[in-house]
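What follows is the residue order along each chain.
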Amino acid sequence: MSEAVIVAMARSPIGRARKGSLVDMRADDLVAQMVKAALEKVPSLDPAEIEDLILGCGMPGGEQGFNMARNVAVQLGYDSLPGTTITRYCSSSLQTTRMAFHAIKAGEGDVFISAGVEAVSRFTKGNSDTLPDTHNPVFATAEARTQDFVGGGHKWSDPRLSGALPDAYIAMGQTAENVAQISGVSREEQDRWAVRSQNRAEAAIKAGFFEREIAPVTLPNGSVVSKDDSPRAGTTYEAVSGLNPVFRPDGTVTAGNACPLNDGAAALVIMSEVKAKNLGLKPLARIVATGVSALSPEIMGLGPVGATRNALINAGMSVADIDLFEINEAFASQVLASARELEIDEDRLNVSGGAIALGHPFGMTGARITATLINNLQTSGKGLGLETMCVGGGQGMAMILERIS
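Calculation criteria
Residues numbered from 1 in each chain as written. Predicted model: local features only at pLDDT ≥ 70, side-chain atom pairs only at ≥ 80, totals over all residues. Heavy atoms only, no water. Axes fitted to C-alpha atoms, helices over the stretch in contact; angles between N-to-C directions. Helix = DSSP H or I, 4+ residues; strand = E, 2+ residues; numbered from the N terminus. Parallel < 35°, antiparallel > 145°, perpendicular 65-115°, else oblique. Contact = heavy atoms within 4.5 Å. Nonpolar A, V, L, I, M, F, W, Y, C, P; charged D, E, K, R; others polar. Buried < 20%, exposed > 50% of the residue type's maximum accessible area, 1.4 Å probe, protein only. Core = buried A, V, L, I, M, F, W, Y, C linked by side-chain atoms within 4.5 Å. Polar contact = N/O pair within 3.5 Å; in protein donor to acceptor, adjacent residues only side chain to side chain. Expected span 1.5 Å × (residues − 1).

On to the packing of helix H3 (residues 92–105) against helix H11 (residues 362–380). Between H3 and H11, the shortest axis-to-axis distance is 5 Å and the interhelical angle comes to 55°. Judged on the interaxial angle alone, H11 and H3 are oblique. Residues Ser-92, Ser-93 and Leu-94 of H3 form the contact with H11, whose own contacting residues are Gly-363, Met-364, Thr-365, Gly-366 and Ala-367. Classifying every residue of the contact of H3 with H11 gives three nonpolar, five polar and no charged.

Locating Gly-107 in the fold gives a position in the loop between H3 and strand E5 (111–119). Look at Gly-107 and you get exposed, because its relative accessible area is 59%.

Moving on, we get to the nonpolar core. Membership of the largest hydrophobic core comes to 48 residues, with the highest contact counts inside it found for Ile-6, Ile-270, Ile-287, Phe-331, Ile-374 and Leu-401. If one sorts the elements of this core by residue count, H11 sits on top with seven residues. Residues contacting Ile-270, with those up to four places away along its chain left out, are Ala-4, Val-5, Ile-6, Thr-97, Ala-100, Ile-104, Asp-110, Val-111, Phe-112, Ser-114 and Ile-287. Val-5, Ala-8, Val-42 and Met-271 belong to the second-largest nonpolar core, a separate cluster that totals 42 residues.

Considering the arrangement of structural elements, one finds Thr-252 in the loop between helix H6 (237–241) and strand E10 (262–272). Judged by its relative accessible area of 18%, Thr-252 is buried. For Thr-252, the side chain forms a polar contact with the side chain of Gln-190, separated by 2.9 Å. Apart from the residues lying within four places of it in its own chain, the contact partners of Thr-252 are Glu-177, Ala-180, Arg-187, Gln-190 and Asn-257.

Moving on: H3. Here H3 contains 14 residues, and its C-alpha end-to-end distance of 20 Å stays within 8% of the 20 Å for a straight helix at 1.5 Å per residue. For H3, the tally of buried residues reaches eleven of 14 residues, placing the bulk of the element in the interior. Gly-107 sits one or two residues past H3 and shows a positive phi near 80°.

Next comes the structure, spelled out in structure tokens:
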């Protein structure tokens, strides 16, 4: 059975939604630049040998509709390259990597592009001057009508019971409040984690860490963007702890201990180990195993727990075997609660900061974290890393990587 390896990666700088550096970039144009940048790192590869371009997008529609992956292939001049665009919301481009991994293991191809993109700035382009309203799970801030729901030994609020919300996609901030409540993660702990994320990202930026994974973006006006917008240098606990709750008047989730809204794209070149060897390439990392999970949508932030356990079972490993962890920082409450449930040593977790500082462009995040995890493994000389994230609707996803070079 073939092994799947990552041979190249590129991610864009992450822009602030609606007011940042990438507001004028269409999603397809943005991800096309990242696919091109990743392929330029493997000049020995003939693009005609790529089996498929698999693109993740959290919220496909509008400018992000019409199967962007195929549009990107044609835009780059690869008329014979198939493309598909898929969503698993926040883990969309981790799902695309998983699909490439499975295809290679099954012997159904040797070369794949796994990519992800989200242009939140342009969700409503041409339709409205406002972002999506409170019916959208990402942006909703109104307090939902709730009733108590008890299960699994925990108690949380379930808007579905009152008929306020008919489906799984409730406001993400409400789920973060639920997780904080049932796991006992305090406001102070959330704020201190947020400061940690910002401070570590600041230190990594000063050390040139992210320059090793960022591919500069050329804007429509010809100017070039090469740095993330969102990190806030000099962030202090005093500043973060003074912010008001966003989702509940008596809540603990604030704009400071949650990720911002962002734009960005990333791409990975994934090959069979044999193909990489034939092309004379030194792979960056081997994909060891993946895992998915599901749980009550009201506590979707704990999705990393089940997904991580499933990935470890598939790999025949335990938490103790993993050198470095990356949990996507949608909210500080869910990172802390998940890490503690899994008994992850926080010294091995998000060592260069996370999405609270860098941002979380939904479709991009899976591939971005893969790039950052490989970067961290290379920097530290460690061998095994695991990335995981919660997923809107009540899911989790995880992947284990082994550094090769």
